[in-house]
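Architecture at a glance
Residues per chain are reported as follows:
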Amino acid sequence: MKAADAVAHLRVGGCVFAEKEAGLLLDTYAEGPALEAAVGRRTAGEPLEHVLGYASFARLRIAVQPRVFIPRRRAEVLAVAAVDDMRRASAATFLDLGCGAGAIAATVASRVATADVWASDVSETAVRCARVNAERFGFSVVLSDWWADLPGELAHHLEVVAAYLPHVPDKRLREIPADYRRSEEECAVRGGRDGLDALRAVLPDLGTWLAPSGVFLTMLAAEQLSTAAALVTGHGWVLGHRQLDDDVILRLRPAGQRGDR
Ligand SMILES: C[S@@+](CC[C@H](N)C(=O)[O-])C[C@H]1O[C@@H](n2cnc3c(N)ncnc32)[C@H](O)[C@@H]1O
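It should be emphasised that the depicted structure is a prediction, and the values quoted were computed from it without experimental measurement. (Residues numbered from 1 in each chain as written. Predicted model: local features only at pLDDT ≥ 70, side-chain atom pairs only at ≥ 80, totals over all residues.)

1. Quick look at the overall build of the protein
A tally of regular secondary structure across the protein gives 11 helices and nine strands. In summary, the protein has a C-alpha radius of gyration of 19 Å against a globular reference of 18 Å for 261 residues, a match within 12%. Here the analysis covers contacts within the protein between residues at least 6 apart in sequence; of these, 62% occur between residues at least 24 apart. (Helix = DSSP H or I, 4+ residues; strand = E, 2+ residues; numbered from the N terminus. Rg over C-alpha atoms; globule rule 2.2 N^0.38 Å. Contact = placed C-beta atoms within 7 Å.)

Pasting the structure below:
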C-alpha cells in the first residue's frame, strides 16, 4: 500500500484526521504490506495508539497496551503542573497515583532529574505497561489500590502527588470515542454518578501520604469544580484551582503551609 492509498482507506474507514494518521503510520510502517496491515487494524477500530504501539504525551513516546488507559494529550497540562511544583519546591519524591501507562510519571522523571518518581495502579495490566515505560524513563511502579499497598517508607514523604483520576460521570461514558471505549477498562474512566467517586476514595488518607509541605494535583471537568471544592475543603485541605477550557486543575495542600496567611 502507498501513502496516498493509506489516506484514502483511512478516510473511507471514518478517520477524521486521515492525513495526519497516515503520516504517523508511515513513520512506523514501511509502504507495502506492513502499512496495509496497519491501516486495516485502524479501520477495523483499533485506537491509533495501539496500532503505533505508543501514545505521544508531553513530547515523549509512551508505550501502550490493550486494556490500559491511553494517555490523553489533555492531561499533559497536569503533568506539566506537577513538574512545576517539583521544581518550585526542589521536591524529591513524586507519585503518579492511578498511573495507567505511567505517562505523568515519565514526564516528571524525564524533566526533573533529581526526583524520586513513583507510580501506582490497581490494574495488573496497567502496572505491567507502566513498568515498560519505567525502564525507559526511570521510575518505580507499585500495584496498589489507591494508597492501600504503597511502600510504608513513602508515608508523609510525598512532596507532589498527581492523579488523573477516573472522573467521567456514568451517564457520560458513552461520549468517550468508541475505539477508546472498546479498548480500555471501564474502571479507568468511570467516576460514578457525579464522576467524583475516585476523589472521594482518595481524600480520606491523603494526609497520611503527603509530606507536610506537599501538594496534591488532580484534573477534573470544569463543571465538577463546585462539588469537588466542597469535598476537598470538607476534608480540611486548602484548595487552589486553575480553569482551562473544559477542565480544571485542582491543587490541594494542607492548611498551615507557608503562604496561608
Ligand atoms: C483516567 S486513568 C489515568 C491514567 C494515567 N494517570 C494517565 O493520565 O494516563 C485512571 C487510572 O486510575 C486507575 N485506577 C482506578 N481505580 C483505582 C484504584 N482503586 N486504585 C488505583 N488505581 C486505580 C485506573 O486503572 C487507571 O489507570
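On we go from here.
2. Considerations on the site of the ligand
Neighbouring the ligand are 22 residues; Gly98, Gly100, Val122, Tyr164 and Ala188 lie closest to it. For the shell around the ligand, a count of residues per class yields 16 nonpolar, three polar and three charged. (Near = placed C-beta within 6 Å. Nonpolar A, V, L, I, M, F, W, Y, C, P; charged D, E, K, R; others polar.)

3. Some details on the nonpolar core
By size, the foremost hydrophobic cluster in this structure holds 72 residues, and its most contacted members are Leu78, Ala79, Ala82, Phe94, Ala101, Ile104 and Val108. Two domains each provide a minimum of three residues to this core, namely domain 1 (3-63) and domain 2 (73-254). Residues in contact with Ala101, not counting those within four places in the same chain, are Ile62, Ala63, Val64, Val68, Phe69, Pro71, Ala126, Cys129, Ala130 and Asn133. Counting 11 residues, the second largest nonpolar core, distinct from the first, contains Met1, Ala6, Ala22 and Leu25. (Core = buried A, V, L, I, M, F, W, Y, C linked by C-beta atoms within 7 Å. Buried ≥ 20, exposed ≤ 12 C-beta atoms within 10 Å, placed from the backbone. Domains from an automatic or database assignment.)

4. Things to note about the sheet that holds strand E9 (residues 247-254)
Reading across the sheet, the seven strands line up as E5-E4-E3-E6-E7-E9-E8 and stay open at both edges, with mixed pairing between neighbours. Each of the sheet's edge strands pairs with one partner strand only, and the pair in question is strand E5 (140-143) and strand E8 (237-243). In this sheet, neighbouring strand axes are inclined to one another by 20° on average, regardless of whether the strands run parallel or antiparallel. In this structure, E8 lies alongside E9, joined through seven bridges in antiparallel fashion. Considered in E9, the bridge of Val238 is made with Arg253. Taken strand by strand, helix H6 (residues 103-111) contacts strand E3 (93-97), strand E4 (116-121) and strand E6 (158-163), and its axis lies near 175° from that of E4. (Pairing = 2+ DSSP bridges. Axes fitted to C-alpha atoms, helices over the stretch in contact; angles between N-to-C directions.)

5. A look at the environment of Val132
You can see Val132 is positioned in helix H7 (residues 124-137). Considering only alpha carbons, one finds Val132 and Gly102, 30 residues apart in sequence, at a separation of 9.1 Å.

6. Description of the domain arrangement of the protein
How large an interface is tends to be reported as the accessible area lost when its parts come together. As assigned here, the protein comprises domain 1 (3-63) and domain 2 (73-254). Taking the mean C-alpha position of each, domain 1 and domain 2 sit 29 Å from one another. Only strand E1 (54-57) and strand E2 (60-63) provide two or more residues apiece to the side of domain 1 that touches domain 2. In terms of residue count, the dominant contributor to the side of domain 1 that touches domain 2 is E2 (three residues). By residue class, the composition of the side of domain 1 that touches domain 2 is seven nonpolar, two polar and one charged.

7. Thoughts on helix H3 (residues 33-43)
Buried residues of H3: Leu35, Ala38, Val39 and Arg42, and no others. Looking straight down H3, one finds its buried side chains confined to an arc of 100°; they lie on one side. Elements in contact with the buried residues of H3: helix H1 (3-12), helix H2 (18-28) and helix H4 (48-52). Looking one or two residues past H3, Gly45 carries a phi angle of roughly 110°, positive in sign. (Arc of directions from axis to C-beta.)

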